[in-house]
Amino acid sequence: MENSNQLSTANKQHYVLSFNGNGGEYFGITIVNLLLTVITLGLYYPWAKARQLQFLYGSTEFNESRFEFHGTGAEMFKGFLKAILIFAIIYATVFLFAYLNMPFVAISTIYLGLFSIIPLALHGSYKYRMSRTSWRGIRFGYRGDKGELYKIFSKGVLLTVVTIGIYGAWLSMNLRNYILGKIKFGSAKFSYNGDGGIYFWMNVKGYILTILTLGVYFFWWQKDVFSYYINNLKLIHDDQYIDFKCSATGGEFFGLLVVNFLILIFTLGIGYPWIVARSLRFIFSKVEITGNVAFNNLIQSEENYTDATGDDMSDMLDLGFVI
Amino acid sequence: MDAVFYNGVSARPIDSQVSLLEEEQQLLITVDGETPILIAFSEIAISHSEKEMIVLSFGKNPNRIVEVKDESFRNQFLKCNHSGKKGITYFKLINAGWKAHALFALLILAICLCTYFYFIPFVAERAVTILPLSFDKKVGDIAFEQAIEDEEIDSAASIIMNTYLKSMMPNEYSKYHLNVVKSNELNAFALPNGEIVIYTRMLKQIKTEDELSGLLSHEISHVTNRHSMRLLCKSLSGYLLLSVMLNDVNGLMTMILDNANNLQQLSFSRGYEKEADLSGLAILERYKINPKGMIHLFEILQKENTTNLPGFLSTHPVTADRILYIKNHIENHPYAFNNHLELTLLLNKVKSQLLN
């Protein structure tokens, strides 16, 4: 935002983001993955995960070209083993202290271990995922600094504890501002400009109204949060940029989630792939992208990064992804 | 075939032509004014495949990409690619159509059901060895208390019966204890702690000491083969799986103890009954007792089958098949047996006691 005045606004155009996969195709992928995972007693899981991401990225189209996911099962399997090792070391240390009759030290180790792992997992996860994502062969990349992330994270967690959770909204926005601001798309870069205060009051309002309306407002609250994530995002390339804007309404969110729920119930869960496909189709179609970036001029600038340890740690911690 | 090529350096789309060289297992990419690119199928990864489109990628740095929007090209590429590498087999599976996928779904369901209903119980039954033998006693004690709660024990007859057992199998009798229960049911059962319960009606129906020895050897075999424990583990297999995964054998033992009360309501499978029959015959052979007694015993039980039978016999009736395999076994394993006068005397004694 701060330098938006210098950015050229000439030749504004619309870009289309869409999800082209259908539930039937995704069902096939899910079933084949499940079958291979079952008959290999779970060993196929990293490969299944890679294939699934490949399909979801490949079905997503931006400006008439598909995204590509280049991660492989082998990379994720190696990452999985390393992640297991790291967790095993933490657990072993905890048990050692417990065995030595030092329960206080043991509990501190758990918290300290988790505390130090989360930024590491986030960092590694972004580095890996971004490097393995490309569009027209141009890789994304994450250029964040581990030390910076630790600083933001530890300051945020401390203040969140002190303020009994209130600072959580600021922590969440600070992380988002930092991480998304360090994401490169070839020679272009993202920027996110979220404000903890606005985010906090949005959630307070959403929470209170959801209770007052016996849950009905929940969908409008979700829409507000989602819009806030999208609307403050920007992609900048040289002096050109594009803006993202969410045009979904609370009513549409309500329709989406209720129908998803009904599909899940009446198909006994088999309809899950269709739910994923229609949700992605909905979300992407509701993101309006305008600006003047000439995407043909993007240049490859990011390195390959094949260590999936952080990604697997995030998977195990169920951290999810900021984007 | 028209395609769009990305050179891995810039995002600018480059119009190109692709063709499949099936013989050479290579893909040829030509761009106007540049040297054509020949790339082996084994080097090509499928980045994305959907109905009317395939995206291929190759090379690490630069990573180059070809996008072909044509259904027949996609199918042709999957069909003639025999490299077996870079997920080709996988995409052939994905491409197999919805009928195949529905079949896969059924297959997965079948695997899950088989695992749940057959494999886990199968493993659970064998996992009984992780439980100490002393635990059988605990379970048996609880079940025994429950079983005789409302029953009247004929203690005089029980004493005679225990003497009978001692002279029948002098080396092994000490692990078992017989209880005669006054009842009109034709029944007998053994518990994992070695307590064996025989109903008076059963004793009255029995004519010879060989028949009684056959019955006792059968019941004792249920205990030595830990049938009750195996059955409990099998019926609690879901829980057993969980406790093995969590390395919580104590939790499993608690769960079994909680279910010990139901022990009598569980009925043994034919497999267990056969095992008990055959181990029973081995006991009879060890102590040189006439094995024909077991046949006579089952003939008595079979006769009763026609009338309404309560208890365990009704769920696992004595079949002609069962008598047949015992007969066969006896014919194939002939041995010399003795007359056991002391057993005859003790049987008569217990029978006269019952008349009192």
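All values derive from a computational prediction rather than experimental measurement. (Residues numbered from 1 in each chain as written. Chains lettered and ligands numbered in written order. Predicted model: local features only at pLDDT ≥ 70, side-chain atom pairs only at ≥ 80, totals over all residues. Heavy atoms only, no water.)

With respect to the confidence of the model for chain A
Residue and element names in this part refer to chain A.
Next, step 1: Per-residue confidence for chain A averages 89 on the pLDDT scale, and 95% of its residues sit at or above 70.
Next, step 2: Ranking the elements of chain A by mean pLDDT puts helix H11 (residues 309–317) last, at 80, and helix H7 (residues 196–212) first, at 95.
Next, step 3: Below pLDDT 50 for its whole length, residues 1–5 participates in two contacts with residues either more than four positions away or in separate chains. (pLDDT = per-residue confidence, 0-100. Helix = DSSP H or I, 4+ residues; strand = E, 2+ residues; numbered from the N terminus. Contact = heavy atoms within 4.5 Å.)

A closer look at the sheet that holds strand S1 (residues 2–6) of chain B
Residues and elements named next belong to chain B.
Next, step 1: With antiparallel pairing, the seven strands of this open sheet are ordered in space as S4-S3-S2-S1-S7-S6-S5. Only two strands of the sheet have a single neighbouring strand rather than two, namely strand S4 (37–40) and strand S5 (45–50). When strand polarity is set aside, the average angle formed by the axes of neighbouring strands in this sheet is 25°.
Next, step 2: Relative to strand S2 (residues 14–21), S1 is paired through four bridges, and the arrangement is antiparallel. By the bridge assignment for S2, Asp 2 is matched with Gln 17. (Pairing = 2+ DSSP bridges. Axes fitted to C-alpha atoms, helices over the stretch in contact; angles between N-to-C directions.)

A word on the packing of aromatic side chains
Next, step 1: Inspection of the entire model under this criterion finds 34 aromatic pairs over all chains.
Next, step 2: Relative to A:Trp274, the ring of A:Phe27 has its centre 5.3 Å away and its plane inclined at 35°; by these criteria the two rings are tilted. With A:Phe27 in helix H1 (residues 23–39) and A:Trp274 in helix H10 (residues 272–285), this residue pair connects regions lying 247 residues apart in the sequence.
Next, step 3: Residue classification places A:Phe27 among the buried residues on the basis of a relative accessible area of 15%.
Next, step 4: Look at A:Trp274 and you get partly exposed, because its relative accessible area is 36%.
Next, step 5: Taken together, the ring pairs in this structure connect A:Tyr15, A:Phe62, A:Phe67, A:Trp135, A:Phe140, A:Phe185, A:Phe190, A:Phe244 and A:Phe295 into an aromatic cluster.
Next, step 6: Sitting over the face of the ring of B:Tyr325, B:Lys274 holds its NZ or CZ atom 4.7 Å from the ring centroid. (Phe/Tyr/Trp six-rings, centres within 6.5 Å; stacked < 30°, edge-to-face > 60°. Buried < 20%, exposed > 50% of the residue type's maximum accessible area, 1.4 Å probe, protein only. Lys NZ or Arg CZ within 6 Å of the ring centre and 35° of its normal.)

Structural notes on the sheet that holds strand S8 (residues 177–181) of chain B
Residue and element names in this part refer to chain B.
Next, step 1: The three strands lie next to each other as S8-S10-S9, forming an open sheet whose pairing is mixed. Since the sheet does not close on itself, it has two edges, and those belong to S8 and strand S9 (188–190), each with one partner. Taken over all neighbouring pairs, the strand axes of this sheet differ in orientation by 15° on average, direction set aside.
Next, step 2: Against the sheet, helix H7 (residues 209–224) touches S8, S9 and strand S10 (195–199), its axis set at about 35° to S9.

A short note on the confidence of the model for chain B
All names here are of chain B.
Next, step 1: With 91% of its residues at a pLDDT of 70 or more, chain B has an overall mean of 84.
Next, step 2: No element of chain B has a lower mean pLDDT than helix H13 (residues 312–315), at 48, and none a higher one than S8, at 93.
Next, step 3: This stretch, residues 308–312, has a pLDDT under 50; its non-local contacts, to residues over four places away or in other chains, come to eight contacts.
Next, step 4: With pTM at 0.71, the complex prediction returns an ipTM value of 0.80.

A closer look at unusual backbone geometry
Residue and element names in this part refer to chain A.
Next, step 1: Here Leu 214, not a glycine, exhibits a phi torsion of approximately 55°, which is positive.
Next, step 2: Structurally, Leu 214 is set in the loop between H7 and helix H8 (218–231).
Next, step 3: A positive phi angle, near 55°, is found at Leu 268, a position not held by glycine.
Next, step 4: Mapping Leu 268 onto the fold places it in the loop between helix H9 (250–266) and H10.

Quick word on a nonpolar patch on the surface
Residue and element names in this part refer to chain A.
Next, step 1: Judged by side-chain polarity, Phe 261, Leu 262, Leu 264, Ile 265, Phe 266 and Tyr 272 come together as a nonpolar surface patch covering roughly 650 Å² of accessible area.
Next, step 2: Top element by residues in the nonpolar patch is H9. It accounts for five residues.
Next, step 3: Within the secondary structure, Phe 266 sits in helix H9.
Next, step 4: The exposure class of Phe 266 is exposed, given its relative accessible area of 68%. (Patch = residues over 30% accessible without salt bridge, like charges linked within 9 Å, V, L, I, M, F, W, Y side chains within 5 Å. Areas by Shrake-Rupley, 256 points an atom, 1.4 Å probe, with all protein chains shown as cover. Salt bridge = Lys/Arg side-chain N within 4 Å of Asp/Glu carboxyl O.)

Observations regarding the environment of A:Met202
Residues and elements named next belong to chain A.
Next, step 1: Structurally, the position occupied by Met 202 is in helix H7.
Next, step 2: Accessibility expressed as a relative area gives 14% for Met 202, which makes it buried.
Next, step 3: Not counting the four nearest positions on each side in its chain, Met 202 is found in contact with Trp 221, Asp 224, Val 225 and Tyr 228.

Details of the packing of H7(A) against H8(A)
Residue and element names in this part refer to chain A.
Next, step 1: It is the contact of H7 with H8, at a shortest axis distance of 8 Å, that shows an interaxial angle of 165°. What the angle tells us is that H7 and H8 run roughly antiparallel. Remark: the crossing between H7 and H8 carries left-handed chirality. Across the interface between the two elements, Ile 198, Tyr 199, Met 202, Asn 203, Lys 205, Gly 206, Tyr 207 and Thr 210 of H7 pack against Phe 218, Trp 221, Asp 224, Val 225, Tyr 228 and Tyr 229 of H8. (Parallel < 35°, antiparallel > 145°, perpendicular 65-115°, else oblique. Left-handed = near helix turned anticlockwise from the far one by under 90°.)

Quick notes on H10(A)
Two residues of an α-helix separated by three or four positions point the same way, owing to the 3.6 residues in each turn.
Residues and elements named next belong to chain A.
Next, step 1: With 14 residues, H10 should cover 20 Å at 1.5 Å per step; its first-to-last C-alpha distance of 20 Å lies within 8% of that length.
Next, step 2: All buried positions along H10 are accounted for by Pro 273, Ile 275, Val 276, Ala 277, Ser 279, Phe 282 and Phe 284.
Next, step 3: If you follow the buried residues of H10, they end up packed against strand S2 (17–19), H1, helix H2 (45–58), strand S3 (60–62), H9 and strand S11 (287–291). (Expected span 1.5 Å × (residues − 1).)

Let's talk about the pairing of strand S6 (residues 53–58) of chain B
All names here are of chain B.
Next, step 1: Within S6, six of the six residues are buried, leaving the element largely enclosed by the surrounding structure.
Next, step 2: Taking every second residue as pointing to the same face, both faces of S6 are buried, with Met 53, Val 55 and Ser 57 on one and Ile 54, Leu 56 and Phe 58 on the other.
Next, step 3: With five bridges joining them, S5 and S6 adopt antiparallel strand pairing. Each bridged residue has a counterpart across the sheet, and for Ser 49 the counterpart in S6 is Ile 54.
Next, step 4: Here S5 folds back onto S6, and the loop between the two strands holds two residues.
Next, step 5: Relative to strand S7 (residues 64–68), S6 runs antiparallel, the two being bridged by five bridges. Looking at S7, one finds that Ser 57 is bridged to Ile 65.
Next, step 6: Between S6 and S7, which pair antiparallel and follow one another directly, the connecting turn spans five residues, one of which, Gly 59, has a positive phi of 85°.

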